[in-house]
Amino acid sequence: MVSEAIKFNVFRQQASFYDDWTTPFIAAVTGGGAGKTMVGALKLMTYVLKNPGAMVAVLSPTYPMLTDATLKTVFEAWPREIYEWRAGEKKAVIYNGAE
């Protein structure tokens, strides 16, 4: 269990994406290297921590993009103590039961 707040910063350009919790479908549309994957990983982390038992999906256009970029960024952004990676099931289980 995480006993203290997880703190991070997003760039001003990422803040409107990160801070929008009311739009049902939202996309970060920018050029390469603008931090779309990182802000998405941080937003996902916040969502699963605030929603115990939530079931979410992390998607990418191709499997290599998913493993080489998207999941790599998620694992870099998320503190290790909040999740257990189950490689055989290809899923992360959050300490609060979210998956």
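In what follows, the accompanying structure is described. Numbering of residues starts from 1 in every chain and runs along the sequence as written. Selection of residues for local features in this predicted model requires a pLDDT of at least 70, selection of side-chain atom pairs for listing and counting requires 80 or more, and totals for whole chains, interfaces and linings are taken over all residues. Think of the side-chain values as coming from all heavy atoms in the structure, minus any hydrogens and water.

Structural notes on the overall build of the protein chain
The line we're drawing: Where helices and strands are cited, they refer to DSSP runs of H or I of at least four residues and of E of at least two residues respectively, numbered from the N terminus. As a reference, a globule follows 2.2 Å times the number of residues to the power 0.38, and the radius of gyration itself is taken over C-alpha atoms. The buried label applies to any residue whose accessible area, calculated with a 1.4 Å probe on protein chains only, is under 20% of its type's maximum; exposed applies above 50%, and partly exposed to all values in between. We call two residues contacting when some pair of their heavy atoms lies within 4.5 Å. Using the Shrake-Rupley algorithm and a 1.4 Å probe, accessible areas are obtained, with residue cover drawn only from the displayed protein chains.
A tally of helices and strands in the protein chain yields three helices and two strands. Listing each helix as α and each strand as β along the protein chain from the N terminus yields α-α-α-β-β. Whereas a compact globule of 99 residues would reach a radius of gyration of roughly 13 Å, the protein chain reaches 13 Å, a difference of no more than 12%. The principal-axis extents of the C-alpha atoms in the protein chain amount to approximately 35 × 30 × 25 Å. Taking all 99 residues of the protein chain together, 30% fall into the buried category. Sequence-distant contacts in the protein chain: of pairs separated by 6 or more residues, those separated by 24 or more amount to 53%. On the protein chain, roughly 6,800 Å² of surface is accessible, and the fraction owed to carbon and sulfur atoms is 57%.

Concerning helix α1 (residues 12–19)
Residues of α1 that are buried: Q14, A15, F17 and Y18. Summarising the contacts, the buried residues of α1 are in contact with α2 (36–50).

Focus on the packing of aromatic side chains
Basically, it comes down to this: Whether two aromatic rings pair depends on their centres lying within 6.5 Å, for rings of Phe, Tyr and Trp, where Trp uses its six-membered ring; planes under 30 degrees apart make the pair stacked, over 60 edge-to-face, and the rest tilted. Geometrically, a lysine NZ or arginine CZ counts as sitting over a ring once it is within 6 Å of the ring centre and also within 35 degrees of the ring normal.
Enumeration according to the criterion identifies four aromatic pairs in this entry. Seen from their ring centres, F75 and W85 are 5.0 Å apart, and the 70° between their planes marks the pair as edge-to-face. Taken together, the positions of F75 in helix α3 (residues 63–77) and W85 in strand β1 (residues 83–86) put the pair ten residues apart, joining distant regions of the chain. Seen in terms of ring centroids, W78 and Y83 are 5.8 Å apart; in terms of plane orientation they differ by 75°. Their pairing is edge-to-face. Classification of W78 as buried rests on a relative accessible area of 7%. An aromatic cluster is defined as three or more aromatic residues linked by ring pairs; in this entry it consists of F75, W78, Y83 and W85. Across from the ring centre of F17, 5.1 Å away, lies the NZ or CZ of K43, which sits over that ring. Taking the ring centre of W21 as reference, the NZ or CZ of K43 above it sits at 4.3 Å.

Digging into unusual backbone geometry
Not every positive phi belongs to a glycine, and K90 is a case in point at roughly 55°. Within the element layout of this structure, K90 appears in the loop between β1 and β2 (91–94).

Side note on the pairing of β2
The test is simple: Strand pairing requires that DSSP identify at least two bridges connecting the strands.
Pairing analysis gives four bridges linking β1 to β2, with the strands arranged antiparallel. Across the sheet, R86 pairs through a bridge with K91, a residue of β2. Where β1 hands over to β2, the hairpin turn is made up of four residues, of which K90 adopts a positive phi near 55°.

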